[in-house]
Amino acid sequence: YFIQSNLRPMADLFSDVCSFNSDHLIMSQANAALQDGQIESAFSYYLKIIKESKETEIVTLCHAKLAECYFRKEKWRDCIESAHSSIIFEDSKVFMALGCFHRGDPHMAMSIIEEISDMSALSPHVKDLMDTALPDIKNGVLNEKPSIPKHVDEKVKDLKVQGNYKFKGNDFKNAAKLYKNALEVLDVWFDSVKDSEYFREDSFMDQFHKLYGILISNLINCSMKMETLKESRLMCEQLIQIQPDWKKSHYWLAMCHLSNYEYDASKEAFQKCSLCANSENDKIEDKINFVSFCEDNHQKFESSSLSHWQDVYSAYSKNCSWLAGNFFALSISKIYTDTASHWHMTTSALIDNSGEITNFMAPKYEASEKDRNLINEMKRNQKRKFYIHVTQTKLDGSQKIGFTDTDQLSPISKDTLCLIEQDMNKKNIFNAFIQNYLKS
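Residues numbered from 1 in each chain as written. Predicted model: local features only at pLDDT ≥ 70, side-chain atom pairs only at ≥ 80, totals over all residues. Heavy atoms only, no water.

Student: Even after reading the chapter, I still don't get the overall build of the chain, so can you show me in this structure?
Tutor: The number of helices and strands found in the chain is 20 helices and 5 strands. Of all 440 residues assigned to the chain, the portion counted as buried reaches 42%. Taking as baseline every contact in the chain between residues at least 6 positions apart, the subset at least 24 positions apart corresponds to 58%. Entry remark: accessible area of the chain is about 24800 Å², with carbon and sulfur atoms responsible for 50%. (Helix = DSSP H or I, 4+ residues; strand = E, 2+ residues; numbered from the N terminus. Buried < 20%, exposed > 50% of the residue type's maximum accessible area, 1.4 Å probe, protein only. Contact = heavy atoms within 4.5 Å. Areas by Shrake-Rupley, 256 points an atom, 1.4 Å probe, with all protein chains shown as cover.)

Below is the structure:
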């Protein structure tokens with residue numbers, strides 16, 4: 001063209017050569033990004049070539065690479081379409097098969113894999129993906145029962161385990177993030193297959209909703225710990241919608257009502273728990289009693305946290321069962337004065353930081369290994385000594401109790417003892433035991 005002074009065709013040819021070199025340069029950048037896991041960068045490079053390139057072969061190759069990008073992004077429908085546009089490549093057949101499998105059609109996936117004529121033409125990493133998925137595809141063909149794909153299930157459960165670990169360490173914020181990530185993985189996958197008849201079977205939906213419900217339940221637990229009650233309430237309604245017969249759905253709603261001081265609504269929700277399968281009615285009854293306990297102590301409950309009052313109620317319930325008995329009766333002694341005799345009791349006990357009274361009498365000497373352990377716990381401030389006083393205050397012989405030396409106790413322990421003292425004096429529960437002891 002140059003010798004013939006035909007410049008226009010020469011310029012067009014030069015442009016084509018530059019374009020070819022430019023396409024290959026962008027292609028190499030895209031492949032490097034894909035290899036490094038920079039999916040979005042690779043994706044934009046491939047799209048640029050498809051839109052601008054005049055080379056049919058390189059455009060087709062880009063569609064094959066787009067199929068891999070869509071696969072990694074778990075967009076199965078788009079993965080299948082891109083693979084279909086580049087079906088001349090064996091790698092594309094694999095991605096098309098994997099897309100079909102994740103869309104819920106293991107039979108189509110198997111038939112596409114069987115059409116791959118040259119396994120040696122597969123890229124090593126693509127062959128690894130196929131070999132990993134093949135057992136699940138064959139299992140799907142044999143069983144014809146839909147299930148959450150293994151890689152999705154494992155990813156969700158791994159995030160759930162990480163969330164549980166954070167929760168146990170009281171890192172509720174990061175635990176909630178991990179549970180939300182697990183829910184997002186499920187949402188993205190299910191959104192890609194929800195149109196498939198294969199995944200509409202009741203048995204599969206039950207399996208899916210069970211896993212989804214557990215994650216929402218864990219997320220509500222975090223939200224309740226962080227006292228984000230509005231968010232908790234919305235999630236409770238969502239949980240009841242997908243798992244209406246699960247006791248935890250109604251349990252969390254009851255706890256939300258309780259946190260908002262809606263005592264009647266809370267009791268009603270707990271009653272619905274008892275109608276669900278595998279509910280332990282004695283435990284439900286205890287929860288309803290807890291709601292009444294909070295209602296009776298509304299002013300204190302309103303100025304404190306729900307978790308604090310759960311601990312106080314637990315300690316209160318455990319301690320009251322035996323405080324009214326032998327602990328007091330065996331410690332009474334008679335004091336004589338010039339004018340009258342009085343029944344008086346002063347004794348010591350141990351209470352731990354969670355409010356539970358753990359020993360009838362605090363050890364005076366280190367007489368046994370148990371006593372030595374108790375002394376060491378007291379030195380470490382895990383347990384503290386307090387004193388109980390019972391004195392005769394009325395002519396009818398009725399007794400009042402009181403606790404002293406409680407200033408150094410934990411808030412839970414203080415509130416527990418305060419409620420015990422208040423309740424026992426109000427109900428005169430001790431008097432029957434004391435009077436019976438004196439008669440004997």
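Student: Looking at this structure, how should I read the nonpolar core?
Tutor: A general trend in soluble globular proteins is that nonpolar side chains are found buried together. Core analysis: the largest hydrophobic core is formed by 104 residues, its most contacted members being Tyr46, Leu186 and Trp189. Among the elements that make up this core, the one with the highest residue count is helix 9 (residues 172-193) (12 residues). (Core = buried A, V, L, I, M, F, W, Y, C linked by side-chain atoms within 4.5 Å.)

Student: Would you mind showing me how to read the state of the cysteines here?
Tutor: What we call a disulfide is simply a covalent bond connecting the sulfur atoms of a pair of cysteines. For the coordinates displayed, the defined rule picks out 0 disulfides. Lacking any disulfide linkage, cysteine 79 is separated from the closest cysteine sulfur, that of cysteine 100, by 8.6 Å. According to the relative accessible area criterion, cysteine 79 is buried, its value standing at 0%. (Disulfide = S-S within 2.5 Å.)

Student: Just to check I follow, could you spell out the packing of helix 3 (residues 56-72) against helix 5 (residues 90-102) for this structure?
Tutor: In a pair of packed helices, the angle between the axes and the distance between the axes together describe the arrangement. With their axes 9 Å apart at the nearest point, helix 3 and helix 5 run at an angle of 30 degrees to one another. It follows from the interaxial angle that helix 3 and helix 5 lie roughly parallel. Regarding helix 3 and helix 5, the two cross each other, and that crossing is left-handed. Residues Ala64, Ala67, Glu68 and Phe71 of helix 3 pack against Ser92, Phe95, Leu98 and His102 of helix 5. Across the contact of helix 3 with helix 5, the residue classes tally to 5 nonpolar, 2 polar and 1 charged. (Axes fitted to C-alpha atoms, helices over the stretch in contact; angles between N-to-C directions. Parallel < 35°, antiparallel > 145°, perpendicular 65-115°, else oblique. Left-handed = near helix turned anticlockwise from the far one by under 90°. Nonpolar A, V, L, I, M, F, W, Y, C, P; charged D, E, K, R; others polar.)

Student: It is not clear to me how the pattern of salt bridges should be interpreted in this structure. Could you clarify?
Tutor: Note on pairing: side chains with opposite charge can pair once their charged atoms come close. Following the criterion strictly, the structure yields 10 salt bridges and no others. Across the salt bridge formed by glutamate 40 and lysine 73, the nearest N and O atoms sit 3.3 Å from each other. Here the residue glutamate 40 occupies a position in helix 2 (residues 39-52), and lysine 73 occupies one in the loop between helix 3 and helix 4 (76-85), the gap between them amounting to 33 residues. For lysine 73, a relative accessible area of 22% translates into the label partly exposed. Glutamate 262 serves as the salt-bridge partner of arginine 233, at 3.8 Å between the closest nitrogen and oxygen. Note that arginine 233 is positioned in helix 11 (residues 229-242) and glutamate 262 in the loop between helix 12 (247-259) and helix 13 (263-275), a separation of 29 residues in sequence. Shared partners join several salt bridges into a network, and the residues in it are Arg233, Glu237 and Glu262. (Salt bridge = Lys/Arg side-chain N within 4 Å of Asp/Glu carboxyl O.)

Student: Is there a simple way to think about the layout of surface pockets in this case?
Tutor: Over the atoms rolls a probe the size of a water molecule, and its path tells where empty space is left. Considered as a void within the structure, the largest pocket measures approximately 670 Å³ in volume. As for the largest pocket, its lining consists of 27 residues, of which Tyr251, Trp252, Met255, Lys287 and Gln310 are closest to the centre. Elements with a contribution of two residues or more to the lining of the largest pocket: helix 10 (202-225), helix 12, helix 14 (281-296) and helix 16 (306-323). Looking at which element gives the most residues to the lining of the largest pocket, the answer is helix 12, with 6 residues. Its residues assigned to classes, the lining of the largest pocket comprises 10 nonpolar, 9 polar and 8 charged. (1 Å grid on protein atoms, 1.4 Å probe; cavity = no way out; pocket = protein on both sides within 12 Å on 5 of 7 lines; lining within 4 Å. Points joined across faces, edges and corners; volume = space filled by probe spheres on them.)

Student: Where do I start with the packing of helix 12 against helix 13 in this structure?
Tutor: Where helix 12 contacts helix 13, the axes come no closer than 8 Å and their chain directions differ by 170 degrees. Between helix 12 and helix 13, the angle falls in the class roughly antiparallel. Contacts between helix 12 and helix 13 involve Lys247, His250, Tyr251, Leu253, Ala254, Met255, His257 and Leu258 from the former and Tyr263, Ala265, Ser266, Ala269, Phe270, Lys272 and Cys273 from the latter. Here the contact of helix 12 with helix 13 is built from residues that sort into 10 nonpolar, 3 polar and 2 charged.

Student: Got a minute to help me understand the packing of aromatic side chains in this structure?
Tutor: Per the stated rule, a full pass over the model turns up 14 aromatic pairs. Summarising the aromatic geometry, the rings of tyrosine 251 and tryptophan 252 are spaced 5.0 Å apart at their centres and angled 70 degrees between planes, so their arrangement reads as edge-to-face. What links up through ring pairs into an aromatic cluster is the set Trp189, Phe190, Phe208 and Tyr212. Positioned above the aromatic ring of phenylalanine 43 is the side chain of lysine 73, whose terminal nitrogen or guanidinium carbon lies 4.2 Å from the ring centre. (Phe/Tyr/Trp six-rings, centres within 6.5 Å; stacked < 30°, edge-to-face > 60°. Lys NZ or Arg CZ within 6 Å of the ring centre and 35° of its normal.)

Student: So what exactly am I meant to see when it comes to unusual backbone geometry here?
Tutor: Where the residue is not glycine, phi is negative for most of them; where a peptide bond is considered, it is trans in most cases. Even without glycine at this site, asparagine 170 takes up a positive phi of about 65 degrees. Here asparagine 170 shows up in the loop between helix 8 (150-168) and helix 9. If you check the backbone angles, tyrosine 261 has positive phi at about 65 degrees while not being a glycine. With respect to the helices and strands, the residue tyrosine 261 is situated in the loop between helix 12 and helix 13.

Student: Looking at this structure, I do not really get the confidence of the model for the chain. What am I missing?
Tutor: Any region with low pLDDT has predicted coordinates that should not be read closely. Looking at the chain, pLDDT values average 78 and 76% of them are 70 or higher. Model confidence for the chain, summarised as mean pLDDT per element, is weakest for helix 17 (residues 326-329) at 47 and strongest for helix 12 at 91. (pLDDT = per-residue confidence, 0-100.)

Student: Looking at this structure, how should I read the environment of methionine 255?
Tutor: Here methionine 255 shows up in helix 12. Here methionine 255 falls in the buried class, since its relative accessible area comes to 3%. Taking the C-alpha atoms as reference points, methionine 255 and phenylalanine 270, separated by 15 residues in sequence, lie 8.7 Å from one another. Not counting residues within four places of it along the chain, the set of residues in contact with methionine 255 comprises Met224, Phe270, Leu306 and Gln310.

Student: Would you mind showing me how to read helix 8 here?
Tutor: For the α-helix, the turn length of 3.6 residues means that residues three or four positions removed from each other point alike. Its 19 residues give helix 8 an end-to-end C-alpha distance of 27 Å, which sits within 8% of 27 Å, the value for a rise of 1.5 Å per residue. Within helix 8, the full set of buried residues consists of Val152, Asp153, Val156, Leu159, Gly163 and Phe167. Relative to the axis of helix 8, the buried residues are bounded by an arc of 135 degrees and lie together on one face. For helix 8, exposure combined with an orientation more than 90 degrees from the buried face picks out Val161, Tyr165 and Lys168. Buried positions along helix 8 lie against helix 9 and helix 10. Of the residues trailing helix 8, asparagine 170 is marked for its positive phi of about 65 degrees. (Expected span 1.5 Å × (residues − 1). Arc of directions from axis to C-beta.)

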